[in-house]
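Fold and contact review
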Amino acid sequence: KTNLTRLHLSVIGKDDFSAFFTLSCHNRPMIAKSLLKNPILMIGILMMFIFLWDLNRKNGWTAKRNEKLKARSCNAVLVKVEKRLAANWKAYCEQNSLAVEVDFTLDKAKLKDPNNFKRVMYRELANNLVLLAKLSPSDNLERTDYVRVRLKHKDLTINALSQGRHVAKFQTLTTPEMIAQHLQATVTVQEVPAQK
């Protein structure tokens, strides 16, 4: 058989791939016969294939892709928001919750009153929540479980958490007083001072 194959390979031209493929797969029925004679081997190969496929689906190269393709409101919000994000924003989904991290740069020395630093940070947080509400589709934002915004400064980090339906209402608020009242009523805030 080996000499016959070598003889055929010397006769076949380099461009005639189909003839080579036909010759190299001449014993395909023998593989099928041996699998039918040994059904335990066939079941073992099938079970190994299923195990490897499932392992790949959960932890492998398709896991991230599968996570992005799941129909969630957060993904719909993220698609719209990512198109118009500022350079200092980073947004991503955690299951059906939206997480936004904002790097805030402000020189305390330029403030007229250094005691107003926290007030400026909270104003920036409110502005970011209003901007997030305006950038995202309101119906999808309302169905998002939670929205977490982290406003990071070198001296202070403010973590804010609210439900998506409350953040969506920022889109309709027009006056600073209404925004401040809604912020106090619906947003849970945590201040984390910088460690020195």
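This report concerns the structure included in the present document. Small disclaimer: the values here were computed from a predicted structure and weren't measured.

So, about the nonpolar core. L98, V100, L129, L132 and F170 are the most contacted members of the largest nonpolar core, which totals 35 residues. For this core, the elements supplying multiple residues, two or more each, are helix 6 (73-83), strand 1 (89-94), strand 2 (97-103), helix 7 (117-135), strand 3 (146-152), strand 4 (156-163), helix 9 (164-168) and helix 10 (176-186). When residues of this core are assigned to their parent elements, the largest contribution, 10 residues, is made by helix 7. Not counting the four nearest positions on each side in its chain, L132 is found in contact with V81, W89, L98, V100, V147 and V167.

A few words on a nonpolar patch on the surface. A contiguous nonpolar patch, built from I43, L46, M47, F49, I50 and W53 and spanning about 680 Å² of accessible area, is present on the exposed surface. In this fold, L46 is placed in helix 4 (residues 39-59).

Looking now at the pattern of salt bridges. The final tally for this structure, using the stated rule, is 5 salt bridges. Among the ionic pairs, E94 bridges to R148, the shortest N-O distance being 2.9 Å. Residue E94 is found in strand 1, and its partner R148 is found in strand 3; the two are separated by 54 residues along the sequence. Linking E101 and K152 is a salt bridge whose minimum nitrogen-to-oxygen distance equals 3.5 Å. Taken together, the residues E101 in strand 2 and K152 in strand 3 connect sequence positions 51 residues apart.

Quick look at the state of the cysteines now. Applying the stated rule across the entire model yields 1 disulfide. The side chain of C74 participates in a disulfide bridge whose partner is C93; the two sulfur atoms lie 2.0 Å from each other. When the S-S torsion is -100°, as for the bridge of C74 with C93, the disulfide is left-handed. In this pair, C74 sits in helix 6 while C93 sits in strand 1, placing the two residues 19 residues apart along the sequence. Residue classification places C93 among the partly exposed residues on the basis of a relative accessible area of 23%.

Looking now at the environment of L161. Looking at where L161 falls in the secondary structure, it is placed in strand 4. L161 gets classed as partly exposed once you look at its relative accessible area, which sits at 38%. In sequence terms L161 and A99 are 62 residues apart; their C-alpha atoms lie 9.3 Å from each other. Setting aside its immediate chain neighbours within four residues, L161 contacts Y146, V147, R148, T186, V187 and T188.

The next subject is helix 7. Its 19 residues place the ends of helix 7 27 Å apart at the C-alpha level, agreeing with the 27 Å of an ideal helix rising 1.5 Å per residue. Taken residue by residue, helix 7 has F117, V120, M121, L125, A126, N128, L129, V130, L132, A133 and L135 as its buried positions.

This part covers the sheet that holds strand 2. Taken in spatial order, the 5 strands line up as 1-2-3-4-5 in an open sheet, and their pairing is mixed. Either end of the sheet is taken by a strand with one partner, and the two such strands are strand 1 and strand 5 (188-193). Each adjacent strand pair in this sheet contributes to an overall mean axis angle of 15°, direction not counted.

Reading the values: rules and limits
Residues numbered from 1 in each chain as written. Predicted model: local features only at pLDDT ≥ 70, side-chain atom pairs only at ≥ 80, totals over all residues. Heavy atoms only, no water. Core = buried A, V, L, I, M, F, W, Y, C linked by side-chain atoms within 4.5 Å. Buried < 20%, exposed > 50% of the residue type's maximum accessible area, 1.4 Å probe, protein only. Helix = DSSP H or I, 4+ residues; strand = E, 2+ residues; numbered from the N terminus. Contact = heavy atoms within 4.5 Å. Patch = residues over 30% accessible without salt bridge, like charges linked within 9 Å, V, L, I, M, F, W, Y side chains within 5 Å. Areas by Shrake-Rupley, 256 points an atom, 1.4 Å probe, with all protein chains shown as cover. Salt bridge = Lys/Arg side-chain N within 4 Å of Asp/Glu carboxyl O. Disulfide = S-S within 2.5 Å. Expected span 1.5 Å × (residues − 1). Pairing = 2+ DSSP bridges. Axes fitted to C-alpha atoms, helices over the stretch in contact; angles between N-to-C directions.

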